[in-house]
Amino acid sequence: MHILGVRVDDVTYQEACDIAEALIRRGGAHQFATVNPEFVMAAQEDEEFRAVLASTALNVPDGAGVVWAAGRRGLKLRQRVAGVDLMLELCALAARHRWRVFLLGAQPGVAERVAAALVLAHRGLIIAGTYAGSPRREEEMAIVARVRAARPQLLFVAYGAPAQDKWLARNLPLLIPAEGEGLGGIVGMGVGGAFDFVAGVQKRAPAWVQRANLEWLYRLMRQPWRWRRQTALVRFAVAAMLESF
Ligand code: UDP
């Protein structure tokens, strides 16, 4: 379904993992995005971002607000699929299939801590590389070369939206493995603050807060400077309500 013009796919964690597996086997480059109200509102004014979200292989319903808006339109999305949790599920799958995982983004040192935590949690997981880098255009070619050399099947990019999603749309096609150069395809996903959560740089909301659909409020309280960004939530609620009428 579409919410204010942005496609949201009704998938569970399991289905998202199955889709990733099928795409990696099939070959080529495939992008996943984690749609939340901030994404939807940013896409209203940002044509490039809107086009990126229209061309992705999968847009998971990352935000509780998205699930709510779909419900108002009469479609009950079966699950909220939080980007950080999907990343962890995909890493579990990667360990089973011996896929190579690359972690790009966040502040220097954070991706390395995420790698250490992931390897501890999933025996046999192959971290093909970690790098903070930045989404700046000047660095793009060098970063692409670095990731390419690591030959990952899964690439997680933590530059925040929409930079990470635009970065992937531009560069993922350049990361398709060449003939005979390892396993089929590559799946890339923008994961926002997920590295910070897994590395423990930021504390994730307790499970009960997540279940109460109040993770956004928890983040607002811990990072008050977010208030300006989170006005998007209010604008989203109003626009989604109008759309449903
Ligand atoms: N980030 C980065 N380079 C940049 C801007 C952001 O590596 O130029 C990282 C930042 O360190 C954080 C993530 O991108 O780890 C964005 O996190 P945020 O919580 O803002 O993302 P959200 O989950 O809200 O999309």
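Residues numbered from 1 in each chain as written. Predicted model: local features only at pLDDT ≥ 70, side-chain atom pairs only at ≥ 80, totals over all residues. Heavy atoms only, no water.

### A word on the layout of surface pockets
Piece 1. In this structure, the largest pocket encloses a volume near 1,200 Å³.
Piece 2. Elements supplying a minimum of two residues to the lining of the largest pocket: helix 2 (37–45), helix 4 (64–72), helix 5 (83–97), helix 9 (194–199), helix 11 (215–222) and helix 12 (227–244).
Piece 3. It is helix 12 that contributes the most residues to the lining of the largest pocket, 6 residues altogether.
Piece 4. When grouped by side-chain class, the residues that make up the lining of the largest pocket number 23 nonpolar, 16 polar and 9 charged. (1 Å grid on protein atoms, 1.4 Å probe; cavity = no way out; pocket = protein on both sides within 12 Å on 5 of 7 lines; lining within 4 Å. Points joined across faces, edges and corners; volume = space filled by probe spheres on them. Helix = DSSP H or I, 4+ residues; strand = E, 2+ residues; numbered from the N terminus. Nonpolar A, V, L, I, M, F, W, Y, C, P; charged D, E, K, R; others polar.)

### So, the site of the ligand
Piece 1. The environment of the ligand is made up of 14 residues, and the closest members are Ala106, Asp196, Arg219, Arg226 and Arg229.
Piece 2. A distance of 3.0 Å separates an oxygen atom of the ligand from a polar backbone atom of alanine 158.
Piece 3. Taking aspartate 196, its side chain carries an N or O atom lying 2.8 Å from an oxygen atom of the ligand.
Piece 4. Protein chains bury 74% of the 550 Å² of accessible surface belonging to the ligand in isolation.
Piece 5. Counting atoms within 2 Å of the grid points, the majority share of the ligand lands in the largest pocket.
Piece 6. Of the residues assigned to the shell around the ligand, the class counts are 5 nonpolar, 5 polar and 4 charged. (Near = heavy atom within 4 Å. Polar contact = N/O pair within 3.5 Å; in protein donor to acceptor, adjacent residues only side chain to side chain. Areas by Shrake-Rupley, 256 points an atom, 1.4 Å probe, with all protein chains shown as cover. Sits in = over half its atoms within 2 Å of the grid points.)

### Focus on the packing of helix 1 (residues 13–26) against helix 5
Piece 1. Contact geometry for helix 1 and helix 5: axes closest at 10 Å, N-to-C directions at 50°. Considering the angle they form, helix 1 stands oblique to helix 5. Helix 1 and helix 5 meet at a crossing whose hand is right-handed. Contacts between helix 1 and helix 5 pair Tyr13, Ala16, Cys17, Ala20, Glu21 and Arg25 from the former with Asp85, Leu86, Glu89, Leu90, Leu93 and His97 from the latter.
Piece 2. Its residues placed into classes, the contact of helix 1 with helix 5 shows 7 nonpolar, 1 polar and 4 charged. (Axes fitted to C-alpha atoms, helices over the stretch in contact; angles between N-to-C directions. Parallel < 35°, antiparallel > 145°, perpendicular 65-115°, else oblique. Left-handed = near helix turned anticlockwise from the far one by under 90°. Contact = heavy atoms within 4.5 Å.)

### Here we look at the nonpolar core
Piece 1. Counting 40 residues, the largest nonpolar core has Leu86, Leu103, Leu154, Phe156 and Phe195 as its most contacted members.
Piece 2. Of all the elements, helix 5 adds the most residues to this core, at 8 residues.
Piece 3. Excluding anything up to four places from it in sequence, phenylalanine 195 contacts Met87, Leu103, Leu104, Gly105, Ala106, Val110, Ala111, Val114, Phe156 and Ala158.
Piece 4. If you look at the next biggest cluster of nonpolar residues, it comprises 20 residues, including Val8, Val35, Ala69 and Leu77. (Core = buried A, V, L, I, M, F, W, Y, C linked by side-chain atoms within 4.5 Å. Buried < 20%, exposed > 50% of the residue type's maximum accessible area, 1.4 Å probe, protein only.)

### Details of the pairing of strand 8 (residues 185–190)
Piece 1. Counting buried positions over the 6 residues of strand 8 gives 6, a clear majority of the element.
Piece 2. The alternating pattern of strand 8 places Gly185, Val187 and Met189 on one face and Ile186, Gly188 and Gly190 on the opposite face, and all of these are buried.
Piece 3. Sheet analysis places strand 3 (residues 28–35) next to strand 8, joined by 5 bridges and oriented parallel. Across the sheet, the residue bridging to glutamine 31 is glycine 188, located in strand 8.
Piece 4. With 4 bridges connecting them, strand 7 (residues 154–158) and strand 8 associate as parallel partners. When the bridges of strand 8 are listed, phenylalanine 156 appears paired with methionine 189. (Pairing = 2+ DSSP bridges.)

### A word on the side chain of threonine 130
Piece 1. The residue threonine 130 is located in strand 6 (residues 126–131) in this model.
Piece 2. Here glutamate 112 takes part through its side chain, which lies 3.0 Å from a polar atom of the side chain of threonine 130.
Piece 3. Look past the residues within four positions of threonine 130 in its chain and what remains in contact with it is Phe102, Leu103, Ala111, Glu112 and Ala115.

### Here's the deal with the sheet that holds strand 4 (residues 58–61)
Piece 1. Strand order in this open sheet of 6 strands is 4-3-8-7-5-6, and the pairing throughout is parallel. Edge positions in the sheet fall to strand 4 and strand 6, since each of these pairs with one other strand and no more. Averaged over neighbouring strand pairs, the angle between their axes works out to 20° when direction is ignored.
Piece 2. This element, helix 7 (residues 137–150), spans strand 5 (100–105), strand 6 and strand 7 of the sheet and lies at about 160° to strand 5.

### Digging into the packing of helix 2 against helix 3 (residues 47–55)
Piece 1. Orientation of helix 2 relative to helix 3, taken along the N-to-C sense of each, is 125°, at an axis distance of 6 Å. Put simply, helix 2 runs oblique to helix 3. Read as a crossing pair, helix 2 and helix 3 show a hand that is left-handed. Here Phe39, Ala42, Ala43, Gln44 and Glu45 of helix 2 come into contact with helix 3, specifically with Glu47, Phe49, Arg50 and Leu53.
Piece 2. Residues of the contact of helix 2 with helix 3, tallied by class, amount to 5 nonpolar, 1 polar and 3 charged.

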